[in-house]
Amino acid sequence: MQQFHEPVWRLLASLERAFGALFGANAYLTPAGWQGLAPHFDDVEVFMLQLEGSKRWRLYEPPAGEEFPLPREYSRDFNPAELGDPVLDCVLKPGDMLYLPRGFVHQGIAVEGDSAGFSHHLTVSTYQKTAWCQ
C-alpha cells in the first residue's frame, strides 16, 4: 500500500522518523454485515483509520492462559464464545481513528444499513518485534 499511494507513504515516513521504527499499512474493504477476520490479537501496535462506511469494533481481554504483556507472535483465531464481555464496543465512522494495543483481541464487523454499503479502513502498524523497552 505504502509503495503505491504517496499520502500513505508520507504518513508512514513521518511515523518512522518520530518513533525510530518501521511502519506498514494495509487497506481493508469489507461488505456491510460482514467480518473480515476472526477475533484475534496482533503482535504489533495498530492504528485503525476509518476512511469510508462504518465498522463496529469490539475489543476484548484475551482468554485466560493466552494473555501476554507484549506478545511477540500473532494469536490463533478465537471463537467468540470463549471471549468475555468487550472492554470496548464502538462504531468508527469516516475520519475516526482507533488505537489497538498489541495483545488486545479485536473483532470488526462492517455496519449494515450504512449508506456506503461497505467499510473501508486503513490499518497502520509497527513492524513485528518492535519494542521501546529492554
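What you see is a predicted model, and the numbers here were worked out from it, not measured in a lab.

**Student:** An account of the nonpolar core is needed here, citing residue identities and associated values.
**Tutor:** Formed by Val44, Val46, Met48, Trp57, Leu59, Cys90, Leu92, Leu98 and Leu100, the largest nonpolar core amounts to 9 residues. Residue assignment for this core shows that the elements contributing at least two residues are β2 (46-52), β3 (55-60), β4 (88-92) and β5 (97-100). Val8, Leu15, Phe23 and Ala25 belong to the second-largest nonpolar core, a separate cluster that totals 8 residues.

**Student:** Give me the sheet that holds β4: which residues, what numbers.
**Tutor:** An order of β4-β3-β6 is seen for the 3 strands of this open sheet, with the pairing classed as antiparallel. Edge strands, defined here as strands with exactly one partner in the open sheet, are β4 and β6 (105-110). With strand direction ignored, the average angle separating the axes of adjacent strands in the sheet is 20°. Taken together, the 6 bridges between β3 and β6 define a ladder with antiparallel strand orientation. Following the sheet pairing, Leu59 is matched in β6 by His106.

**Student:** For the pairing of β2, give the residues involved together with the corresponding values.
**Tutor:** Here β2 pairs with β5 via 4 bridges, running antiparallel. Directly across from Met48, in β5, lies its bridge partner Leu98.

**Student:** Break down the pattern of salt bridges for me, with residues and values.
**Tutor:** Applying the stated criterion across every chain, the model contains 4 salt bridges. Here Asp89 and Arg56 are joined by a salt bridge, their closest N and O atoms 2.5 Å apart. With Asp89 in strand β4 and Arg56 in strand β3, this pair connects stretches of sequence that are 33 residues apart. Classification of Arg56 by relative accessible area gives partly exposed; the value is 33%. Across the pair Arg58 and Asp89 runs a salt bridge, and its minimum N-O distance is 3.4 Å. One end of the pair, Arg58, is in strand β3; the other, Asp89, is in strand β4, and 31 residues separate them in sequence. Taken together, the shared-partner salt bridges in this structure form one network comprising Arg56, Arg58 and Asp89.

**Student:** Talk me through the confidence of the model for the protein chain; I want residue IDs and the actual numbers.
**Tutor:** Predicted confidence across the protein chain gives a mean pLDDT of 87, with 87% of residues reaching 70 or more. Between the elements of the protein chain, mean pLDDT differs from a low of 93, seen in helix α1 (residues 6-19), to a high of 97, seen in β4.

Reading the values: the criteria
Residues numbered from 1 in each chain as written. Predicted model: local features only at pLDDT ≥ 70, side-chain atom pairs only at ≥ 80, totals over all residues. Heavy atoms only, no water. Core = buried A, V, L, I, M, F, W, Y, C linked by side-chain atoms within 4.5 Å. Buried < 20%, exposed > 50% of the residue type's maximum accessible area, 1.4 Å probe, protein only. Helix = DSSP H or I, 4+ residues; strand = E, 2+ residues; numbered from the N terminus. Pairing = 2+ DSSP bridges. Axes fitted to C-alpha atoms, helices over the stretch in contact; angles between N-to-C directions. Salt bridge = Lys/Arg side-chain N within 4 Å of Asp/Glu carboxyl O. pLDDT = per-residue confidence, 0-100.

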